[in-house]
Amino acid sequence: MNFFRGVMGGQAAGPQPTGAETIQKLCDRVASSTLLEDRRDAVRALKSLSKKYRMEVGTQAMDHLINILQTDRSDSEILGYALDTLYNVICNDEEEEQDETAQKQADDLGAKFTEAFIQDPEHITLLLTMLEEFDFHVRWPAVKLLTALLRNQCVQLQSIILVSPMGVSRLMDLLADSREVIRNDGLLLLQQLTKGNAAIQKIVAFENAFERLLDIITEEGSSDGGIVVEDCLLLLRNLLKNNSSNQNFFKEGSFIQRMKPWFEVGDDNSGWSAQKVTNLHLMLQLVRVMVSPVNSPGASASCQKSMYQCGLLQQLCTILMATGVPADILTETINTVSEVIRGSQVNQDYFASVNAPSNPPRPAIVVLLMSMVNERQPFVLRCAVLYCFQCFLYKNQKGQGEIVATLLPSTIDANSISAGQLLCGGLFSADSLSNWCASVALAHALQDNLTQKEQLLRVQLATSLGKPPVSLLQQCTNILSQGDKISRRGSKVQTRVGLLMLLCTWINNCPIAVTHFLHNQENVPFLTAQISENLGEDERLVQGLCALLLGICIYYNDNSLENYTKEKLKQLIEKRIGKENFVEKLGFVTKHELYSRAAQKPQPVFPAPDQMLFDHEFTKLVKELEGVITKAVHKSSEDEKKEEEVKKTLEQHDNIVTQYKELIREQDAKIQELKEQVSSMTSQNEQMQATMAQQLSQIQQHKDQYNLLKLKLGKENPSHANNSLGDGAHVNGMQTEEVAQLREEMEELRSQHALLQAQLGEKDAMIDSLRSEGSQPTESATGGSDNTELLKELELLRSQVQSQAAEITQLKSDNENLLRGAETESTGAAPSGDFSSNATKMAELESRLAAQTSEMESLKEEVQGLTEGRAQLEQQAASATSSAAILQTEMAKLEGDLQESKKEQDDLLMLLADQDQKIQSLRQRLKDLGETVDDEDELDTRDQTDEDDEDED
């Protein structure tokens, strides 16, 4: 203990130890002491020396302090001393006034010790477990130490905490601590933790951060609250900015509605504290984060809708029109209202209906424009009003029409101030910034709106007494072209750039406006003179814009003015300026340093009024027109004629394609109709086959019943045997008629065989013709005739099927009559020849029907194949450029048709074989009946004949 008294108490006699020696002894004591009290006193001493001897304590004692955190968890006092010591070593003290070199050395020390501490991720996990301690002397130093670590090495700490189990949840518990100092430092810790890390931002948001933060803001008095409200708003901004997931969660959680009370300011706005201004400024920024133009259009639109429905937009407009509001709050409110209404038709309509509390009431748009063209207003406020006007007109053709209408002669009211009058006043005022703002505002009233561009051509201005009025377009061009007015009003680059941007936007994609512009004989000479001169650096931008304006006059020229046709203007450029020089001057616009700055975001943010040269929407127009104007200038008249010829050729080609498409549609309809017919005939054929099978079954049953009756009668009355002989004689007597009938049927089958042979010859001829025509385009008439022949064949087959069905019906009737006769007779036997003949006919008809059905299917496939071939050949005729490839495709198709035709030929041969087999069967039948048959036509089909005989038996 004497050692600690020497360190902490008065000075002892003899030489005093240095700070490094003292710290070394204290570190040894921390490492070697077995008593907790000794270690605690040593750590307390290190804490007292840590600010003065930051380098020595951090270098020598850090490992011992971390060991204390790991081993002495039971003693909160020593833990608190160790955490405070580490905080003093790592934290860069920002309160002490230090010179730049000392501050840099302190920052380097903090970064060095932080890197040493986080080399082992377990050290961060150890600190996170310290947060679970409720003891104030442990939890608060742990929060401050983690905050200091995050300030020095944010990215590394975020990675470690992100993978730590329950790491973010432990930090979120700090917001629920009843001790305000811990809760407030917890806010600072979460601010550092959520910077630039979307994953941690999402986790914090889903840990109910929005609900807790909004509750704290309400408890602290919203905008009237202290710095705690500011910390909560900063944390909310970290969670929402550039994080679409959290923005969607904030909107769906109905948290936008809870923002409305923030902006309920009273009537007495005389006393605004600095903290209230800061709080309200951050609140407005939060609203802008939700509806920022950089967000996805769908997300911003849904937030804009919610802000209108909950009354937040109305509350912002109330602040906008209130008196006594500080200038910076008013400026930020105007910017916020701008982005809430940007691109939302409902919000834009509401803003158009807002009136200022004046007598008489004036529209809010008019009041704002009065501030924009007033040169005594602050520069940032005028920029904010311009942005608000741009957002009001963004994708708002209704609003554009209302603004332009205030300039038309029929709607001008001399007793009131309108938006159009203010814009014209600013356009021709002596203040160059007012000129620029009015030009850009009027250009936005014409953006992508051809109707309003044409309407604005009607605007007439009274210049002076006794002189006729001039159009607005002519007045703008006069200011640019006339030397005395240029020296008096438009000498400043800002004014000329504003007017040129307005003219480019006005005549772009509007041939009528181009004609009006070229009608003034002074405009083109002025532009060519400006472009061809070698001016200074400041005038290069004006030259580039003049080149852009002249290029638009060429590209959108309808050649209605004989002196200024496209070709004559290009000749003028080539003679007076030179094409390469013209293109070079045109490129001055995009190469300007302020061009890229304006192209980044829609809001006009400029550090100084003289740098206010480009508008965001105009940069898009330049990017779109630069390439096409360059091509139009370099393009010769011959190239234009070729392009026109190509266009005409393409139009003709499109017409031909359209005609073929219509023809193909008609043919598809016919093919579909044929398919339906074939399908109907197929179903009828199936029904007939089913009916025939049923009839055959019934005939067989009748035959069986007849045989049974015959046997029964033969057993009961043997005397009928003699009668049976007579019946046999009767049957023999009938054989001659049956033979004659069979001969007739055989002749008929021979004729059918000859007919089928002829059809087969026709198919072979058709195949040969298809082969010969494979290398030539087939006219649609050929396809039409083939389809007609196939339709005729289908109709013929259909009639044959119907006739055969009639024969089957007649045979069925005959069989029924025979059966009824057999049943009524008590003696004798019915002629077996009739039944056998009928069965033979039925089998023959069945075979013929099956063969014709197969032929119908073949013809159906042939129709489909020929139709597809015709379609391919028509496509070949339509595409002349790829004739070789199409001919190869057609050849392949014809080869496929050839294979199909060969398959059909094989089917026909099989059909002929079946018919020959039937003929052979009939020959055998005739032999059985005793008739003489010529052997020269007999086929060697004995086995098949035997099988047929067995089936008949």
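Look above for the structure.
What counts, and where the lines are drawn
Residues numbered from 1 in each chain as written. Predicted model: local features only at pLDDT ≥ 70, side-chain atom pairs only at ≥ 80, totals over all residues. Heavy atoms only, no water. Helix = DSSP H or I, 4+ residues; strand = E, 2+ residues; numbered from the N terminus. Buried < 20%, exposed > 50% of the residue type's maximum accessible area, 1.4 Å probe, protein only. Contact = heavy atoms within 4.5 Å. Areas by Shrake-Rupley, 256 points an atom, 1.4 Å probe, with all protein chains shown as cover. Phe/Tyr/Trp six-rings, centres within 6.5 Å; stacked < 30°, edge-to-face > 60°. Lys NZ or Arg CZ within 6 Å of the ring centre and 35° of its normal. Salt bridge = Lys/Arg side-chain N within 4 Å of Asp/Glu carboxyl O. Axes fitted to C-alpha atoms, helices over the stretch in contact; angles between N-to-C directions. Parallel < 35°, antiparallel > 145°, perpendicular 65-115°, else oblique. Left-handed = near helix turned anticlockwise from the far one by under 90°. Nonpolar A, V, L, I, M, F, W, Y, C, P; charged D, E, K, R; others polar. Patch = residues over 30% accessible without salt bridge, like charges linked within 9 Å, V, L, I, M, F, W, Y side chains within 5 Å. Arc of directions from axis to C-beta. Polar contact = N/O pair within 3.5 Å; in protein donor to acceptor, adjacent residues only side chain to side chain.

I would appreciate a short explanation of the overall build of the chain in the present structure.
Within the chain, the secondary structure is distributed over 43 helices and four strands. A buried classification covers 46% of the 953 residues belonging to the chain. A separation threshold of at least 6 residues defines the contact pool for the chain, and within that pool the share at least 24 residues apart is 73%. For the chain, the accessible surface area stands at approximately 47,600 Å², while carbon and sulfur atoms represent 49% of it.

Where do I start with the packing of aromatic side chains in this structure?
Describing an aromatic ring pair means giving the distance of the ring centres and the angle of the ring planes. Under the criterion given, the structure shown has twelve aromatic pairs. Taken together, the aromatic side chains of F206, F210, F249, F250 and F255 make up a single cluster linked through ring pairs. Positioned above the aromatic ring of Y87, the side-chain terminus of K144 is 5.1 Å from the ring centre. Directly above the ring of W272 sits K276, whose terminal nitrogen or CZ lies 4.5 Å from the centroid.

Honestly, the pattern of salt bridges in this entry has me stumped. Any pointers?
Close approach of charged atoms allows side chains with opposite charge to pair. Summed over the entire model, instances satisfying the criterion amount to 18 salt bridges. The partner of D41 in a salt bridge is R44, and the shortest N-O contact between them spans 2.6 Å. Here D41 pairs with R44, and both are found in helix α3 (residues 36-49), just three residues apart, close to one helical turn. In this structure, E339 engages R288 in a salt bridge whose closest nitrogen and oxygen atoms are separated by 2.9 Å. Linking E339 in helix α19 (residues 327-341) with R288 in helix α16 (residues 274-290), this pair joins segments that are 51 residues apart in sequence. For R288, a relative accessible area of 13% gives the class buried. Look at the salt bridges and you will find they share partners, linking R40, D41, R44, D75 and E77 into a network.

Explain unusual backbone geometry here, please?
With glycine set apart, most residues show a phi of negative sign, and most peptide bonds adopt trans. One non-glycine residue, S222, adopts positive backbone phi at about 55 degrees. Topologically, S222 is positioned in the loop between α13 (209-219) and α14 (227-240). Take S222: its relative accessible area is 15%, and that puts it in the buried class. At N242, a position not held by glycine, the phi torsion is positive, near 60 degrees. A relative accessible area of 64% places N242 in the exposed class.

Where do I start with the packing of α3 against helix α5 (residues 76-90) in this structure?
Helices that pack against each other are described as a pair by the angle of their axes relative to one another and the distance between those axes. Interaxial distance between α3 and α5 falls to 9 Å at its minimum, and their mutual angle equals 25 degrees. Considered as vectors, α3 and α5 are oriented roughly parallel to each other. Both α3 and α5 take part in a crossing whose hand is left-handed. Across from L36, R39, R40, V43, R44, L46 and K47 in α3, the residues of α5 making contact are E77, I78, Y81, A82, D84, T85 and N88. Its residues placed into classes, the contact of α3 with α5 shows six nonpolar, two polar and six charged.

Is there a simple way to explain the side chain of N88 in this structure?
Tracing the chain through its elements places N88 in helix α5. Setting aside residues up to four positions removed in sequence, N88 forms contacts with K47, S50, K51 and R54.

Where do I start with a nonpolar patch on the surface in this structure?
Together, L162, V163 and I203 make up an exposed nonpolar region whose accessible area comes to about 250 Å². Summarising the element assignment, I203 is placed in helix α12 (residues 198-206).

I'm lost on the environment of Q119 in this one. Help?
For Q119, the position within the fold is in the loop between α6 (100-117) and α7 (121-130). Look at Q119 and you get exposed, because its relative accessible area is 66%. Counting along the chain gives 37 residues from Q119 to Q156, while the straight-line C-alpha distance between them is 9.7 Å.

Can you walk me through helix α20 (residues 345-353) in this structure?
What sets the pattern is the α-helix's 3.6 residues per turn: residues three or four places apart point alike. Among all positions of α20, only N347, Q348 and F351 are buried. Down the axis of α20, the sector holding all buried residues measures 100 degrees, keeping them to one side. In this structure, the buried residues of α20 make contact with α17 (297-309), α18 (312-321), α19, α21 (364-372) and α22 (379-393).

What's the story with the environment of N295 in this structure? I'm lost.
Structurally, N295 is set in the loop between α16 and α17. Assessed through its relative accessible area of 12%, N295 is described here as buried. Along the sequence, N295 and K241 sit 54 residues apart, while their C-alpha atoms lie 9.4 Å from each other. Side-chain polar atoms of N295 contact the backbone oxygen of V289, separated by 2.9 Å.

Explanation requested: the packing of α21 against α22 in the structure shown.
In contact at an axis separation of 8 Å, α21 and α22 are set at 140 degrees when each is read in the N-to-C sense. Relative to α22, the element α21 is oriented oblique. Handedness of the crossing formed by α21 with α22: left-handed. Along its contact with α21, which presents I365, L368, L369, S371 and M372, the element α22 presents R382, V385, L386, C388, F389 and F392. A breakdown of the residues in the contact of α21 with α22 according to their chemical character gives nine nonpolar, one polar and one charged.

Without other data, these values stay purely geometric and don't point to any function.
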